[in-house]
Amino acid sequence: MQKIVAGICLFSTLFAASCKKDFTSPSAARDEDVFTSTQAVTGVAVGLQRIYSSGRAGSVYNLVAANGFSTNELSLRNEGNIPEFQLSVGGGTVDGTNTILGNLWANSNKVIFDANRVIAYARTMDDKAYASGLTGYVTILKALAMGNMAMYWTNVPDSTGSLEQGATFTDRLAGFNKIIVWIDEALALAAANPPSAGFMNNIPAGFDIVNTLQALKARYALFAGNYPLALTTAQKVDLTKSSVFTYDAVFTNPIWETATSTNNVFQVIDSTLGLPVALQPDLADKRVPFYTSINATILPRYRIRGFGADRQTPFPIYLPGEITLIKAEVYTRQDDLATGLAELNKIVTKSPAADPLGVGADLPAISGPLSKEAQLTAIYQHRCIELYMSGLKMEDMRRFGRPLTERKRNYFPYPFSERDNNPNTPKDPDL
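Anyway, here's the lowdown on the structure attached to this text. (Residues numbered from 1 in each chain as written. Predicted model: local features only at pLDDT ≥ 70, side-chain atom pairs only at ≥ 80, totals over all residues. Heavy atoms only, no water.)

## Comments concerning the overall build of the chain
Part 1 of the argument: Of regular secondary structure, the chain possesses 18 helices and eight strands.
Part 2 of the argument: Rg of the C-alpha trace for the chain: 21 Å, near the compact-globule value of 22 Å for 431 residues, within the 12% margin.
Part 3 of the argument: Along the first, second and third principal axes, the C-alpha atoms of the chain reach 60 × 50 × 40 Å.
Part 4 of the argument: Looking at the chain as a whole, 59% of its 431 residues are labelled buried.
Part 5 of the argument: Once local pairs closer than 6 in sequence are excluded, the contacts in the chain between residues at least 24 apart make up 71%.
Part 6 of the argument: For the chain, the computed accessible surface area is about 16300 Å², with 54% contributed by carbon and sulfur atoms.
Part 7 of the argument: The chain carries 39 positive and 40 negative side-chain charges, and their two centres are separated by 2 Å. (Helix = DSSP H or I, 4+ residues; strand = E, 2+ residues; numbered from the N terminus. Rg over C-alpha atoms; globule rule 2.2 N^0.38 Å. Buried < 20%, exposed > 50% of the residue type's maximum accessible area, 1.4 Å probe, protein only. Contact = heavy atoms within 4.5 Å. Areas by Shrake-Rupley, 256 points an atom, 1.4 Å probe, with all protein chains shown as cover. Lys, Arg positive; Asp, Glu negative; His and termini not counted. Charge placed at Lys NZ, Arg CZ, Asp CG, Glu CD.)

Dropping the structure here:
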């Protein structure tokens, strides 16, 4: 299995390019040779997780970096890191040559493309419990991949075009809604035949498939503006559980590998977490020392902690606090301010020990009542702190109507690897 996973990772890194969906290599194993056994297809699925979660070219690193520089969460340590430097400057300095954006775009397309092939194989399997686990697992990765594109680009791929035809595009909100359809299909399979222990033993530890699908459905329903669906789905998530990408001596945490361990690429901005003065964390907020540490003798003073602290630190697919904050936001937007404040205060007063991942502010409750505008601002503030370096802040800034002066881009330009190969690539946004 390790050889299969390593081969898939190498192949995908070399040949993931644009959403033309032409991911073939004359030296690679043929589809008819790979997609003929459950073991091999499971290897493909696990390989997709490694592609998404590991290395400087992987989606986790590029998501954190692209969002972090653009929303002032991170400080650049070395201007010789050109892609990170471009994002730290922002505006028109960021263009289609940026390899952070190119990697995020290419990996997302690759994950979706191969996840679809895994799902097609799962439909042919006699072991329905194994098939439902396989489908749910790659649907999580597929949803994250589409979600990343829909958060950062104005349009997302809408077809499986060939090299000659090129892929077509659709509005990013349609991308979020497409994710919900995919997740519903996976949840229906899991309800009929819960994922088997045999399948779960063949993938990396750290996944609760059904709970994660529900959490992601709530996230993307919120992003799509479907507040009733976001709320009803969030209420189905078990907040005592979490799902994470795990790491080991071979596949190490990508934030630690590239930034924390080297101190030569980026670090956390400081204890403000990049927020404007009015929204900066309370000095007693225990989430600040969770996400940051201080080095009193060597610059920079503030260092990465949290989910990039060490080589084997797991990286969350979602945080339980995110789900509670979804509830708080939806109740508030639907004018149930009292319930919205009660949900927000669950985050404000939560101790680190009460959270599965150790994230807790442990502050006194916010006194109410608040105006709707003030309450939404407080929810935004606590999303920025609770979900620091999660890659979600740029989407939040747009949804909460934060001024463009607080971020360095609104959407990203399309990578030249896409534009040069696909005549259907949309026009780049101005900012």
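## So, the pattern of salt bridges
Part 1 of the argument: Evaluated as defined, the whole model comprises 24 salt bridges.
Part 2 of the argument: With its nearest N and O atoms 3.0 Å apart, the salt bridge here joins Glu395 to Arg172. Taken together, the positions of Glu395 in helix H17 (residues 393–399) and Arg172 in helix H8 (residues 172–192) put the pair 223 residues apart, joining distant regions of the chain.
Part 3 of the argument: Assessed through its relative accessible area of 2%, Glu395 is described here as buried.
Part 4 of the argument: Using a relative accessible area of 10% as the deciding quantity, one classes Arg172 as buried. (Salt bridge = Lys/Arg side-chain N within 4 Å of Asp/Glu carboxyl O.)

The values are spatial; any link to function lies outside them.
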